[in-house]
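One-letter residues, chain by chain:
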Amino acid sequence: MSTEGDRRPPVLVRLGIQTGLVSVLGAHLLSPRHAYLFLGPPGSGKEEWAIGFAAALVCPNGGCGECGDCRSVLAGMHPDVNVFANRDGSMSVDDARRAIKYASLSPSGTRYRVVVMEEFENIGRVAPVLLKAIEEPPPSTIYVIVASVVGNEMATIASRCVKVDFPPVDAAEIETYLVSRGAEPEEASTAAQLCGGSLAKAQELLAGGFLLRRLSLWGSAARDHPQSGFELMRSVGGLIGFVDDVVAERKRKGEADLAELRERVAKGGVTRGAIKEAEADLTRELKWLRRSEFELGFAIMLREMHPGMRGEGDLGAAYQAHSRLQQRVGVAMRRLAAGVSEVTALGALLGEQP
Ligand SMILES: [Zn+2]
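The rules behind these values
The written sequence of each chain sets the order in which its residues are numbered from 1. Local features are withheld for residues below a pLDDT of 70 in this predicted model, meaning they are given only at 70 or higher, and side-chain atom pairs are given and counted only at 80 or more; totals for whole chains, interfaces and linings count all residues. For helices the rule is a DSSP run of H or I covering at least 4 residues; for strands it is a run of E covering at least 2, with both sets numbered from the N terminus onward. Residues with at least 20 neighbouring C-beta atoms inside 10 Å of their own are called buried, those with 12 or fewer are called exposed, and the rest are partly exposed, where every C-beta is derived from the backbone. Two residues qualify as being in contact provided that their C-beta atoms, derived from the backbone, are within 7 Å of each other. One less than the residue count of a helix, multiplied by 1.5 Å, gives the span that helix is expected to have. In this scheme, strands are said to pair when DSSP sees at least two bridges between them. Where helices are involved, their axes are fitted lines through C-alpha atoms of the stretch in contact, as for all axes, and angles between N-to-C directions lie from 0 to 180°. To define a nonpolar core, we join buried Ala, Val, Leu, Ile, Met, Phe, Trp, Tyr and Cys residues through C-beta atoms within 7 Å and take the resulting set. What pLDDT conveys is the predictor's confidence in a given residue, as a value from 0 to 100. Handedness of a helix crossing follows the sense of rotation of the near helix relative to the far helix, less than a right angle counterclockwise being left-handed and clockwise being right-handed. Think of it as three bins: nonpolar holds Ala, Val, Leu, Ile, Met, Phe, Trp, Tyr, Cys and Pro, charged holds Asp, Glu, Lys and Arg, and polar takes everything else, Gly as well. Here the angle decides the label: under 35 degrees means roughly parallel, over 145 means roughly antiparallel, 65 to 115 means roughly perpendicular, and every other value means oblique.

Helix and strand content of the chain: 16 helices and five strands. Oriented by its inertia axes, the alpha-carbon framework of the chain measures out at about 70 × 55 × 40 Å. Every one of the 354 residues in the chain was classed for burial, and the buried ones make up 32%. Taking as baseline every contact in the chain between residues at least 6 positions apart, the subset at least 24 positions apart corresponds to 69%.

So, in C-alpha cells, the structure goes:
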C-alpha cells in the first residue's frame, strides 16, 4: 500500500531493525505529537530508534541521514537533541529540572527541540516533577521517552504519550542486520538464534570473537558426562576460565576507554565526577557480564540437549533428560545468584547424573 502519507525517511530505514516501524513513525513526521513512549524489552532497538526519530524530526529534509543535522544527531552532538540517561534510577530532582529547562528552550535553528529520556521505567520520585512539563511542553518541543516497562510511577506520564511498541526483534532481521555490519554469516545466524530477540545481546555474543569457542565449550559440557572427579573439575575449570577470558577482554577495552577519558580530564574536557561515574559503570558492567555469560552458557547447554536439535533415539527419554537439565540449570542459577561459588554451582550442575 502506498499513499501520499507514506514516508520512508532514509535515516529510519538505515537503522536496519524494527523495519516495520519505518512507515509508522515516518507518517508521524508531518505533524508529530508532543510526546512519544518507545516501549520494549532491552535490546529491542528502542534507544537507536529514539535517536533516529530525533534526527528525522530536526532534519530539514525529513530524515535524509546525510545532512549536517542528521549526522550531528546520530553522533550525539546536536544542540537541539538532548538525551538524558537514567541509569539505575539515578535521575535526581536536579537532573529532572535540567531536562525541563532544556525542554523549555526554543530550538536553535531547526524545527524542533527533542528531549530523549532513556530508562524511564526507573523514574521514581522525579515523576511528579516531570509530569507537568511533559503534559504541556512548548509547541516546538517533543519528548521521546524510552522504557522497557510502564511502572506505576510513570503510568500517568505514559498515558499522555503516543505509545510505540518495540517487540523482541525477529531472528532473521537480527541476522541480516549483523551480516550487513560485517559479521560472518554462520556466526550471525547462531547469535541471532541465541539472543532471544535482543539485538544488544546478539552483538554482545559476537563481541571479542568468542562465539564459536563458547558454543563448543558449553555444548560439550551438556553432552559429555564426566567419568571422574578429575574430568569434572577439568570441565568446570574450562568453563570458568572461559568466562574469565570474556570478562578480561571487556575489562581491557573498558580500561583503555577510561585511560582516554582521564587524558581528557587533564586537558579540561571531562570532569572528575564523570570519570568516577565511568569507573562505577565499568565495575557494574563487568559483574553483569559475568552473570550474563553463565546464563548464556546455560542457554547453550539447554539448546544442545533440546530433543528438537538432536533428532535421534527415544524422543520421550530425550524430553525427560532435557527437562531434568532444565531443573538442574535452574538450581545452578539460583545458587550463583545467592553467592555460592562458581566451582560449587557448576560442579553440582555437571556432576549430577543426566
Ligand atoms: Zn538530514
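Taking 1.5 Å per residue as the helical rise, helix 15 (residues 315-337) with its 23 residues ought to reach 33 Å, and the 33 Å between its terminal C-alpha atoms agrees with that figure. At the exit of helix 15 stands Gly339, carrying a positive phi of roughly 90 degrees.

Quick look at the environment of Arg113 now. Topologically, Arg113 is positioned in strand 3 (residues 113-117). A sequence separation of 56 residues divides Arg113 from Leu57, and the C-alpha atoms of the two residues are 8.6 Å apart. Sequence-distant contacts of Arg113, defined by excluding residues within four places in its chain, comprise Asp80, Ala103, Leu105, Pro107, Ser140 and Thr141.

Once that is clear, we can look at the sheet that holds strand 1 (residues 35-39). Ordered in space as 2-3-4-1-5, the five strands form an open sheet in which the pairing is parallel. Unpaired on one side and paired on the other, strand 2 (81-84) and strand 5 (162-165) mark the two borders of the sheet. Adjacent strand axes in the sheet meet at a mean angle of 15 degrees, parallel and antiparallel pairs treated alike. Two strands pair when backbone bridges link them, and strand 3 and strand 4 (residues 141-147) are joined in this way by five bridges, in the parallel orientation. Along strand 4, the bridge assignment pairs Val116 with Val144. The strands that helix 5 (residues 93-104) touches are strand 2, strand 3 and strand 4; relative to strand 3, the one it contacts most, it runs at about 160 degrees.

Judged by nonpolar contacts, the single largest core of 49 residues is most densely connected at Phe38, Ala54, Val116, Val144 and Ile145. For this core, the element with the highest residue contribution is helix 3 (residues 46-58), accounting for nine residues. The contact partners of Val116, leaving out residues within four places of it in the chain, are Ala50, Ile51, Ala54, Val81, Val83, Phe84, Val144 and Val146.

It is worth spelling out the confidence of the model for the chain at this point. Per-residue confidence for the chain gives a mean pLDDT of 90, with 96% of residues at or over 70. Confidence over residues 1-5 falls short of pLDDT 50; this stretch has one contact with residues more than four positions distant or in other chains.

Okay, the environment of Glu186 next. Inspection of the secondary structure assignment puts Glu186 in helix 9 (residues 185-194). For Glu186 and Gly339, which are 153 residues apart along the polypeptide, the C-alpha to C-alpha distance reads 36 Å.

Geometrically, a packed helix pair is captured by the angle between its two axes and the distance between the axes. Where helix 8 (residues 171-180) contacts helix 9, the axes come no closer than 8 Å and their chain directions differ by 145 degrees. Considering the relative orientation of helix 8 and helix 9, their crossing is right-handed. Of the residues in helix 9, those in contact with Ala171, Ile174, Glu175, Leu178 and Val179 of helix 8 are Pro185, Ala188, Ser189, Ala191, Ala192 and Gln193. Classifying every residue of the contact of helix 8 with helix 9 gives eight nonpolar, two polar and one charged.

On to the packing of helix 13 (residues 272-305) against helix 15. At a closest axis distance of 10 Å, the pairing of helix 13 and helix 15 adopts a crossing angle of 175 degrees. If you check the angle between helix 13 and helix 15, you find them roughly antiparallel. Between helix 13, through Phe294, Glu295, Phe298, Met301, Leu302 and Met305, and helix 15, the contact on the second element is made entirely by Ala321, His322, Leu325, Gln326, Val329, Ala332, Met333 and Leu336. Of the residues that constitute the contact of helix 13 with helix 15, the class distribution is 11 nonpolar, two polar and one charged.

On the secondary structure map, Ala55 appears in helix 3. Here Ala55 falls in the buried class, since 27 other C-beta atoms lie within 10 Å of it. Here the alpha-carbon distance between Ala55 and Leu199, two residues 144 residues apart in the chain, equals 21 Å. Apart from the residues within four sequence positions on either side, Ala55 is in contact with Val11, Gly63, Cys70, Val73 and Leu74.

Over its 34 residues, helix 13 extends 50 Å from the first C-alpha to the last, a length consistent with the 50 Å expected when each residue adds 1.5 Å. Listed as buried for helix 13 are Glu293, Phe294, Leu296, Gly297, Phe298, Ile300, Met301 and Met305. As for helix 13, its buried residues are in contact with helix 9, helix 11 (211-223), helix 12 (229-266) and helix 15.

Moving on to unusual backbone geometry. One non-glycine residue, Gln18, lies in the positive phi region at around 50 degrees. If you trace the backbone, Gln18 turns up in the loop between helix 1 (10-13) and helix 2 (21-28). One non-glycine residue, Glu119, adopts positive backbone phi at about 50 degrees. Here Glu119 falls in the buried class, since 20 other C-beta atoms lie within 10 Å of it.

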